[in-house]
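Secondary and tertiary structure notes
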Amino acid sequence: MKNLVEEIQFPVGQGGLHLGVINDFAYIYDCGALDKDNEEWNNHFYEICAILSRAYDVKEIHIYISHMHYDHCNKLFSLIKELRKIDIRSGKIYIPKITSPEKLLLLLDSNISIKQDYGFYQFIRDPIGSFRNSEFQVIELNPSENNEYKPQETKSHLGIFYEHQWILDPFISKANNDKKLLNFSSKVSDPKIKEFLDKLLSNQQDRDIAEKLFDCLENEEFFDKLQTEYRNHFESNKFHESMLCLYSGPQNYHDCYIYNFCIDYNFCQPHCHKLYRFHKQKRYFNHFLGWLHTGDINLKKIEDTPFYKYYKEYLPDKVSIMQIPHHGSKNNHDANFLNIFGNNIKEKLFYLTINNQKRNKPGEAKMDVSDIFGLYLDHLQILTEYPNKGIYFQILLREK
Ligand SMILES: [Zn+2]
Ligand SMILES: [Zn+2]
């Protein structure tokens, strides 16, 4: 089977896992969830491997990590292990570049102790080094100061899909943490910790010094102290990361239609086949079809954001499916977000991923999703681990 596009947003709760295949080009956007040990993950990996080995000649894979929060990248190493089994042994892993002090805050912020997940700790501390012995290459994408340009370290992937051009286009939005970090170090009470932070802040570019300093973190007592200071200081003011967003879709697209579209499937493990229930089948003719991955980006007052500047051209016509950022958090978007689509909103599908078990249960006061239901009505799909729900579609081109 050739000339096929498949895009699957897996039913992962808070976190994300997306597989896109365009002929022999394959990419994954985010690979993690809050509930890391959920056994459903094996099913997702079976599914990914089944798709990649079934019909395509995929030899390497492009993995985009929106940001380094635990729930967006904690299954990366397991994924790569699984891909080896089907002979995909190399690829590129694109991540937003973050400074050493930001790495430290990320570790303190994640609520995961070094003991609990040493692999995650290594990945944050030294993303490139943690893949040094594999054929996967980590590429840190540097957001530009004014956010008006694409990251220099990668180009858009352009592919030809029949005569049409396909584009996979990354964009990085820079988080401004500098002031926050300085502020933190000025308020820390423990002199040793203050010294540690000051050294890290004054040598942001010096990898060797950062490496040496990070060794201190493996001392549990020191890490605990730092984490306590962090929590005292940042209780309601969490650390934000630079965000990698990704547009995947055709620039020019006619005579295509969506062959399958489903939002509910069950994976039958012993027999390795999928049981689909097609709740919806949508077909677009003569229409752009694109998918916009937004990670956990902040889109409040969207019209003022660099994201909007960058994607303004795409949003009304070229984006058909869009992720509501940050699992539907009120802090990351508001009603303005919908206004920008105008009447075109009827043709869009929005989705968000929430964890069914731990938090964000629909109807619970703690969560924001009930507000979102009201805003999006039936344009919204919610993906959780339970029950098995995913968005799956294939695009086929009509024979000329
Ligand atoms: Zn998240
Ligand atoms: Zn996040």
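Every chain begins its residue count from 1, and numbering advances along the sequence as written. For this description, chains carry letters from A and ligands carry numbers from 1, given in the order in which they are written. Only residues with pLDDT of at least 70 are given local features in this predicted model, and only at 80 or more are side-chain atom pairs given and counted; all residues enter the totals for whole chains, interfaces and linings.

Okay, the packing of helix α6 (residues 178-187) against helix α7 (residues 191-202) next. Between two packed helices, the angle of one axis relative to the other and the distance separating the axes together describe the packing. Note on geometry: axes are lines fitted to C-alpha atoms, helical ones only across the stretch in contact, with angles between N-to-C directions running from 0 to 180 degrees. Strands are runs of DSSP state E lasting at least two residues, helices are runs of H or I lasting at least four, and both sets are numbered from the N terminus onward. At their nearest, the axes of α6 and α7 sit 9 Å apart, and the two run at 155° to each other. Considering their axes alone, α6 and α7 lie roughly antiparallel with respect to each other. As for how α6 packs across α7, the hand of that crossing is left-handed. Contacts from Leu181, Leu182, Phe184 and Ser185 in α6 reach Lys194, Leu197, Asp198 and Leu201 in α7. For the contact of α6 with α7, the class distribution of residues is 5 nonpolar, 1 polar and 2 charged. Any angle that is under 35 degrees is reported as roughly parallel, and any over 145 degrees as roughly antiparallel; angles of 65 to 115 degrees are reported as roughly perpendicular and all others as oblique. A crossing counts as left-handed when the near helix is turned anticlockwise from the far one by less than a right angle, and as right-handed when that turn is clockwise. Once C-beta atoms have been placed from the backbone, residue pairs whose C-beta atoms lie within 7 Å are recorded as contacts. Gly is put with the polar residues, along with every residue not named as nonpolar or charged; the nonpolar set is Ala, Val, Leu, Ile, Met, Phe, Trp, Tyr, Cys and Pro, and the charged set is Asp, Glu, Lys and Arg.

Exposure classes come from backbone-placed C-beta atoms, where a residue is buried if 20 or more other C-beta atoms lie within 10 Å of its own, exposed if 12 or fewer do, and partly exposed in between. In terms of burial, strand β3 (residues 25-33) is a largely internal element, 8 of the 9 residues being buried. For two strands to be treated as a pair, DSSP must find at least two bridges joining them. Relative to β3, strand β2 (residues 15-22) runs antiparallel, the two sharing 8 bridges. Bridge pairing in β3 places glycine 20 opposite tyrosine 27. The antiparallel hairpin formed by β2 and β3 contains 2 residues in its connecting segment, where asparagine 23 sits at a positive phi of about 50°. Where β3 lies against strand β4 (residues 60-64), 4 bridges are found, and the strand directions are parallel. Within β4, the position partnered with tyrosine 27 by the bridge is histidine 62.

This paragraph deals with the environment of lysine 330. With respect to the helices, strands and loops of the structure, lysine 330 is situated in the loop between β14 (321-323) and α11 (336-339). The exposure class of lysine 330 is partly exposed, given the 13 C-beta atoms found within 10 Å. Separated by 30 residues in sequence, lysine 330 and lysine 300 have C-alpha atoms that sit 8.7 Å apart.

This next bit is on the environment of glutamine 137. Relative to the helices and strands, glutamine 137 resides in strand β6 (residues 135-141). We classify glutamine 137 as partly exposed; it has 14 C-beta atoms within 10 Å. A C-alpha to C-alpha distance of 9.7 Å links glutamine 137 and histidine 62, two positions 75 residues apart in sequence.

Another point: helix α4 (residues 100-109). Most of α4 sits out of view: 7 of its 10 residues are buried. For α4, the complete set of buried residues consists of Ser100, Pro101, Glu102, Leu104, Leu105, Leu107 and Leu108. Where α4 is buried, its residues touch α5 (118-125), α6, α7, α8 (207-216) and α9 (220-234). Of the residues flanking the end of α4, it is asparagine 111, one or two places downstream, whose phi is positive at about 70°.

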